[in-house]
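Observations on chain architecture
Here is what each chain is made of, one letter per residue.
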Amino acid sequence: MYEPIRTKSVHSQMAGPTPDFPHRSREEELDIQLAGHLAALLAVTDELRGAAPSEELDAAAERLAAQVARLRGGHPPVRAVAGQTAKTQPAGLHRRAHALAGRALVVAASRADTAAAILAAEQMDVHAAALEPRELASR
(Lines give C-alpha, C1' and ligand atoms only; values in the text may rest on other atoms or scores of the structure.)
Protein backbone atom coordinates (compact mmCIF):
# COMPACT_ATOMS: atom_id res chain seq x y z
CA MET A 1 0.00 0.00 0.00
CA TYR A 2 2.80 2.43 0.93
CA GLU A 3 6.12 2.53 -0.80
CA PRO A 4 9.06 2.08 1.60
CA ILE A 5 11.47 4.97 2.16
CA ARG A 6 14.58 4.41 0.10
CA THR A 7 16.75 7.27 1.35
CA LYS A 8 18.15 7.93 4.77
CA SER A 9 16.12 10.23 6.96
CA VAL A 10 17.43 13.73 7.50
CA HIS A 11 16.19 13.45 11.07
CA SER A 12 18.27 10.42 12.02
CA GLN A 13 21.07 10.65 14.52
CA MET A 14 24.55 11.14 13.20
CA ALA A 15 26.94 8.24 13.47
CA GLY A 16 29.22 10.07 15.87
CA PRO A 17 30.15 13.48 17.19
CA THR A 18 31.39 15.88 14.57
CA PRO A 19 34.18 18.32 15.35
CA ASP A 20 32.50 21.20 13.49
CA PHE A 21 29.51 21.32 15.85
CA PRO A 22 30.19 22.54 19.40
CA HIS A 23 28.78 20.34 22.12
CA ARG A 24 28.42 21.58 25.68
CA SER A 25 27.30 19.76 28.74
CA ARG A 26 24.35 20.92 30.81
CA GLU A 27 26.77 22.19 33.46
CA GLU A 28 28.65 24.28 30.90
CA GLU A 29 25.42 25.78 29.62
CA LEU A 30 24.34 26.62 33.16
CA ASP A 31 27.75 28.17 33.85
CA ILE A 32 27.35 30.41 30.81
CA GLN A 33 23.80 31.37 31.79
CA LEU A 34 24.73 32.05 35.42
CA ALA A 35 27.75 34.13 34.40
CA GLY A 36 25.49 36.17 32.13
CA HIS A 37 22.95 36.87 34.85
CA LEU A 38 25.65 37.79 37.36
CA ALA A 39 27.40 40.02 34.81
CA ALA A 40 24.12 41.83 34.13
CA LEU A 41 23.61 42.22 37.89
CA LEU A 42 27.15 43.59 38.14
CA ALA A 43 26.39 46.15 35.43
CA VAL A 44 23.30 47.36 37.30
CA THR A 45 25.28 47.43 40.55
CA ASP A 46 27.93 49.56 38.85
CA GLU A 47 25.17 51.91 37.66
CA LEU A 48 23.88 52.19 41.21
CA ARG A 49 27.42 52.84 42.45
CA GLY A 50 27.69 55.70 39.96
CA ALA A 51 24.39 57.19 41.11
CA ALA A 52 24.92 56.75 44.85
CA PRO A 53 28.36 55.44 45.86
CA SER A 54 28.51 53.26 48.96
CA GLU A 55 30.88 50.75 50.50
CA GLU A 56 28.18 48.06 50.46
CA LEU A 57 27.72 48.42 46.71
CA ASP A 58 31.50 48.41 46.21
CA ALA A 59 31.82 45.16 48.16
CA ALA A 60 28.90 43.58 46.31
CA ALA A 61 30.37 44.59 42.95
CA GLU A 62 33.72 43.01 43.83
CA ARG A 63 32.04 39.78 44.95
CA LEU A 64 29.96 39.68 41.77
CA ALA A 65 33.04 40.31 39.61
CA ALA A 66 34.88 37.47 41.37
CA GLN A 67 31.99 35.04 40.75
CA VAL A 68 31.72 36.04 37.08
CA ALA A 69 35.48 35.59 36.63
CA ARG A 70 35.29 32.16 38.30
CA LEU A 71 32.48 31.04 36.02
CA ARG A 72 34.27 32.35 32.93
CA GLY A 73 37.48 30.50 33.66
CA GLY A 74 39.33 33.43 35.18
CA HIS A 75 38.37 36.05 32.59
CA PRO A 76 37.30 39.21 34.44
CA PRO A 77 34.05 40.89 33.41
CA VAL A 78 33.95 44.19 31.57
CA ARG A 79 33.12 46.94 34.04
CA ALA A 80 31.53 50.36 33.60
CA VAL A 81 33.88 53.28 34.05
CA ALA A 82 32.92 55.64 36.87
CA GLY A 83 31.04 58.67 35.60
CA GLN A 84 29.90 56.98 32.37
CA THR A 85 26.69 55.51 33.72
CA ALA A 86 23.29 56.55 32.48
CA LYS A 87 21.13 58.74 34.70
CA THR A 88 18.42 56.31 35.75
CA GLN A 89 16.12 56.40 38.74
CA PRO A 90 17.58 54.35 41.61
CA ALA A 91 14.23 52.65 42.26
CA GLY A 92 14.18 51.32 38.69
CA LEU A 93 17.75 50.10 39.03
CA HIS A 94 16.93 48.35 42.30
CA ARG A 95 13.92 46.63 40.68
CA ARG A 96 16.05 45.50 37.75
CA ALA A 97 18.82 44.29 40.08
CA HIS A 98 16.28 42.39 42.19
CA ALA A 99 14.91 40.63 39.10
CA LEU A 100 18.40 39.78 37.83
CA ALA A 101 19.43 38.44 41.23
CA GLY A 102 16.31 36.26 41.22
CA ARG A 103 17.19 34.81 37.83
CA ALA A 104 20.75 34.18 38.98
CA LEU A 105 19.43 32.46 42.10
CA VAL A 106 17.27 30.09 40.06
CA VAL A 107 20.17 29.11 37.79
CA ALA A 108 22.61 28.82 40.70
CA ALA A 109 20.17 26.55 42.53
CA SER A 110 19.70 24.29 39.50
CA ARG A 111 23.47 24.21 39.08
CA ALA A 112 23.98 23.52 42.81
CA ASP A 113 26.43 26.43 43.08
CA THR A 114 26.13 27.39 46.73
CA ALA A 115 28.43 30.42 46.61
CA ALA A 116 26.59 32.01 43.69
CA ALA A 117 23.19 31.15 45.19
CA ILE A 118 24.08 32.79 48.51
CA LEU A 119 25.40 35.89 46.73
CA ALA A 120 22.28 36.15 44.56
CA ALA A 121 19.97 35.72 47.56
CA GLU A 122 21.86 38.39 49.50
CA GLN A 123 21.57 40.76 46.55
CA MET A 124 17.84 40.10 46.29
CA ASP A 125 17.50 41.02 49.97
CA VAL A 126 19.59 44.18 49.58
CA HIS A 127 17.61 45.44 46.60
CA ALA A 128 14.26 44.50 48.12
CA ALA A 129 15.18 46.41 51.28
CA ALA A 130 16.20 49.41 49.18
CA LEU A 131 12.77 49.40 47.52
CA GLU A 132 10.62 48.96 50.65
CA PRO A 133 10.70 52.55 52.00
CA ARG A 134 9.99 54.01 48.56
CA GLU A 135 7.09 51.71 47.83
CA LEU A 136 5.53 52.26 51.25
CA ALA A 137 5.82 56.02 50.85
CA SER A 138 4.10 55.94 47.45
CA ARG A 139 0.96 54.24 48.85
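The paragraphs below set out a description of the structure included in this document. These numbers come from a predicted model, not from an experiment.

In a regular helix each residue adds 1.5 Å, so 17 residues correspond to 24 Å; helix H2 (residues 55-71) covers 25 Å between its end C-alpha atoms and thus fits that length. In the segment just after H2, Gly73 is the residue with positive phi, at about 75°.

Attention now moves to the nonpolar core. Across soluble globular proteins, nonpolar side chains show a tendency to be buried alongside one another. By size, the foremost hydrophobic cluster in this structure holds 26 residues, and its most contacted members are Leu34, Leu38, Leu41 and Leu64. When contributions to this core are tallied by element, the ones reaching two or more residues are helix H1 (26-51), H2, helix H3 (90-111) and helix H4 (114-137). At eight residues, H1 tops the list of elements feeding residues into this core. Look past the residues within four positions of Leu41 in its chain and what remains in contact with it is Leu64, Ala97, Leu100, Ala101, Gln123 and His127.

One way to put it is that H1 packs onto H2 with a least axis distance of 9 Å and a crossing angle of 155°. Regarding the angle of H1 to H2, the classification is roughly antiparallel. Relative to H2, H1 is oriented so that their crossing is left-handed. The residues of H2 that touch H1, namely those facing Asp31, Leu34, Ala35, Leu38, Ala39, Leu41, Leu42, Thr45, Asp46, Leu48 and Arg49, are Leu57, Asp58, Ala61, Leu64, Ala65, Gln67, Val68 and Leu71. Of the residues that constitute the contact of H1 with H2, the class distribution is 13 nonpolar, two polar and four charged.

Moving on to unusual backbone geometry. We note that Ala112 has phi near 65°; this positive angle belongs to a residue other than glycine. Along the chain, the position of Ala112 falls in the loop between H3 and H4. For Ala112, a relative accessible area of 63% gives the class exposed.

A word on H3. In a regular helix each residue adds 1.5 Å, so 22 residues correspond to 32 Å; H3 covers 31 Å between its end C-alpha atoms and thus fits that length. Residues of H3 that are buried: Ala91, Leu93, His94, Ala97, Leu100, Ala101, Gly102, Ala104, Val107 and Ala108. A positive backbone phi angle near 65° is found at Ala112, which sits one or two residues after H3.

To continue, consider the pattern of salt bridges. The full count for this structure, using the stated rule, is seven salt bridges. Note that Arg24 is salt-bridged to Glu29, the shortest N-O span being 3.0 Å. Taking the shortest distance from any N to any O, the salt bridge between Asp113 and Arg70 comes out at 2.6 Å. With Asp113 in the loop between H3 and H4 and Arg70 in helix H2, the pair connects residues that are 43 residues apart, well separated along the chain. A relative accessible area of 7% places Asp113 in the buried class. Assessed through its relative accessible area of 40%, Arg70 is described here as partly exposed. One connected set of salt bridges, linked through shared partners, spans Asp31, Arg70, Arg111 and Asp113.

What counts and what doesn't
- Residues numbered from 1 in each chain as written.
- Predicted model: local features only at pLDDT ≥ 70, side-chain atom pairs only at ≥ 80, totals over all residues.
- Heavy atoms only, no water.
- Helix = DSSP H or I, 4+ residues; strand = E, 2+ residues; numbered from the N terminus.
- Expected span 1.5 Å × (residues − 1).
- Core = buried A, V, L, I, M, F, W, Y, C linked by side-chain atoms within 4.5 Å.
- Buried < 20%, exposed > 50% of the residue type's maximum accessible area, 1.4 Å probe, protein only.
- Contact = heavy atoms within 4.5 Å.
- Axes fitted to C-alpha atoms, helices over the stretch in contact; angles between N-to-C directions.
- Parallel < 35°, antiparallel > 145°, perpendicular 65-115°, else oblique.
- Left-handed = near helix turned anticlockwise from the far one by under 90°.
- Nonpolar A, V, L, I, M, F, W, Y, C, P; charged D, E, K, R; others polar.
- Salt bridge = Lys/Arg side-chain N within 4 Å of Asp/Glu carboxyl O.

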